[in-house]
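The lines below spell out each chain.
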Amino acid sequence: MVLSVLNALVLKPLDLPHADRLYAIVQKGQGDDGQSYPDYIDYRTRNSTFTDIAGYRTTDVGLSFHGPAEKRWDHEVTGNYFDVLGIQPALGRFFHAREEHGPNSAPYIVLSDAFWRSRFQADPAVIGAVVLLNKHPFTIIGVAPANFHGVDLFMWPDIWTPIVNEPQVEGFDFLTKRGNHIAWIVGLLKPGVGATGLGQPERDC
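Residues numbered from 1 in each chain as written. Predicted model: local features only at pLDDT ≥ 70, side-chain atom pairs only at ≥ 80, totals over all residues. Heavy atoms only, no water.

Chemist: Would you take a moment to explain the overall build of the protein for this structure?
Modeler: Within the protein one finds 4 helices and 11 strands. Burial statistics for the protein: of 205 residues in total, 48% are counted as buried. Counting contacts in the protein only where the partners sit at least 6 residues apart, residues at least 24 apart contribute 69% of the total. Carbon and sulfur atoms provide 54% of the accessible area of the protein, an area that totals close to 9,500 Å². (Helix = DSSP H or I, 4+ residues; strand = E, 2+ residues; numbered from the N terminus. Buried < 20%, exposed > 50% of the residue type's maximum accessible area, 1.4 Å probe, protein only. Contact = heavy atoms within 4.5 Å. Areas by Shrake-Rupley, 256 points an atom, 1.4 Å probe, with all protein chains shown as cover.)

Written as structure tokens, this is what we have:
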């Protein structure tokens, strides 16, 4: 599998562990940097360069908690997302890949620190509470650290949810659509593996 592996220069200013080993992965010659979920599965299965590979996509959802729904930005992420990035929760816990058992199997939500403070008044008792995302129940299990906003410099999500719940939340099955290039994939380079040839970035995954 030949990929264009782009050094994540835009990620380096972020306060992430091992940011120098974090890379964005795109298909060579595809014409855009977006990926499909089936692409992500293929990359993880055939990967020999990265410690692990995670995926995410951004969408807006209607979030309701004891009141009318409000529009919020959601990063739908693979179950291993927080583990790949090396992030620990400020409160509660994160979800993990082992909790995914197919579509709509992990109804969990992690709040950003800013959203936790603005919407929930920084109440630690919010852990375990249930909110509605597009009218579907999700349990709040954690709050991210204040300095963590994902891996995008200019798009800060309010919440993170497991991408396997996307069919329920958005009403279509992105998980099986190889032609839907609406996700991003990042990989953590294995220790000791050199990221050579950044000017000519083609390499085997």
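Chemist: Explain the packing of aromatic side chains to me, please; I cannot follow it from the model alone.
Modeler: The description of two aromatic rings rests on the distance between their centres and on the angle between their planes. With the rule as written, the count across this model stands at 12 aromatic pairs. Measuring from centroid to centroid gives 5.3 Å for phenylalanine 148 and tryptophan 160, while their planes differ by 20°, and the two rings are stacked. One end of the pair, phenylalanine 148, is in the loop between strand 8 (136–143) and strand 9 (159–162); the other, tryptophan 160, is in strand 9, with 12 residues separating them in the sequence. Taken individually, phenylalanine 148 and tryptophan 160 each receive the classification buried, so the pair is uniform in this respect. Here a set of aromatic residues connected by ring pairs shows up, and it is made of Tyr56, Tyr81, Phe82, Phe94, Phe95, Phe148 and Trp160. One residue, arginine 57, lies across the ring of phenylalanine 174, its end atom 5.1 Å from the ring centre. For arginine 119, the ring lying beneath its charged end belongs to phenylalanine 120, and the centroid distance is 5.5 Å. (Phe/Tyr/Trp six-rings, centres within 6.5 Å; stacked < 30°, edge-to-face > 60°. Lys NZ or Arg CZ within 6 Å of the ring centre and 35° of its normal.)

Chemist: Sorry, what's going on with the side chain of asparagine 47 here?
Modeler: Turning to its location among the elements, asparagine 47 is positioned in the loop between helix 1 (37–46) and strand 3 (50–64). Within the structure, the side chain of asparagine 47 is placed 2.9 Å from the backbone nitrogen of threonine 49, a separation counted as a polar contact. Side-chain polar atoms of asparagine 47 contact the backbone oxygen of phenylalanine 50, separated by 2.7 Å. (Polar contact = N/O pair within 3.5 Å; in protein donor to acceptor, adjacent residues only side chain to side chain.)

Chemist: What's the story with the nonpolar core in this structure? I'm lost.
Modeler: Ranked by internal contacts, the top residues of the largest apolar core, which has 21 residues, are Tyr81, Phe82, Val110, Phe148 and Trp160. When contributions to this core are tallied by element, the ones reaching two or more residues are strand 3, helix 2 (81–85) and strand 10 (184–189). Broken down by element, this core gets its largest block of residues, 4 residues, from helix 2. When sequence neighbours within four positions are dropped, the list of residues in contact with phenylalanine 82 reads Ile87, Phe94, Phe95, Val110, Phe148 and Trp160. Among the nonpolar cores identified, the runner-up in size contains 17 residues, and Ile109, Phe115, Val126 and Ile140 belong to it. (Core = buried A, V, L, I, M, F, W, Y, C linked by side-chain atoms within 4.5 Å.)

Chemist: Any chance you could explain helix 3 (residues 113–120) here in plain terms?
Modeler: The periodicity of an α-helix, 3.6 residues per turn, causes residues three or four positions apart to be oriented the same way. Along helix 3, the positions that sit buried rather than exposed are Asp113, Phe115, Trp116, Arg119 and Phe120. Relative to the axis of helix 3, the buried residues are bounded by an arc of 165° and lie together on one face. Facing away from the buried side of helix 3 by more than 90 degrees, the exposed set consists of Ala114 and Ser118. Positive phi appears at glutamine 121, one or two residues downstream of helix 3, with a value of about 55°. (Arc of directions from axis to C-beta.)

Chemist: So what exactly am I meant to see when it comes to unusual backbone geometry here?
Modeler: A negative phi angle is the norm for most residues apart from glycine, just as the trans form is the norm for most peptide bonds. At histidine 66, a residue that is not glycine, the phi angle is positive and equals roughly 55°. Note on placement: histidine 66 falls in the loop between strand 3 and strand 4 (70–77). One non-glycine residue, glutamine 121, lies in positive phi territory at about 55°. When you line up the elements, glutamine 121 lands in the loop between helix 3 and strand 7 (130–133).

Chemist: How do you make sense of the pattern of salt bridges when you look at a structure like this?
Modeler: Between side chains of opposite charge, pairing is possible as soon as their charged atoms come close. Following the criterion strictly, the structure yields 10 salt bridges and no others. Measuring nitrogen to oxygen at the nearest pair gives 2.7 Å for the salt bridge that ties glutamate 170 to arginine 57. On the criterion of sequence distance, the pair formed by glutamate 170 in helix 4 (residues 166–170) and arginine 57 in strand 3 is long-range, its members being 113 residues apart. Of the residues examined, glutamate 170 reaches a relative accessible area of 26% and is grouped as partly exposed. Since its relative accessible area comes to 6%, arginine 57 is described here as buried. Here arginine 117 and aspartate 113 are joined by a salt bridge, their closest N and O atoms 2.9 Å apart. Note that arginine 117 and aspartate 113 are positioned in helix 3 at a spacing of 4 residues, about one turn of the helix. Taken together, the salt bridges that share partners define one network made up of Glu70, Arg72, Arg119 and Asp158. (Salt bridge = Lys/Arg side-chain N within 4 Å of Asp/Glu carboxyl O.)

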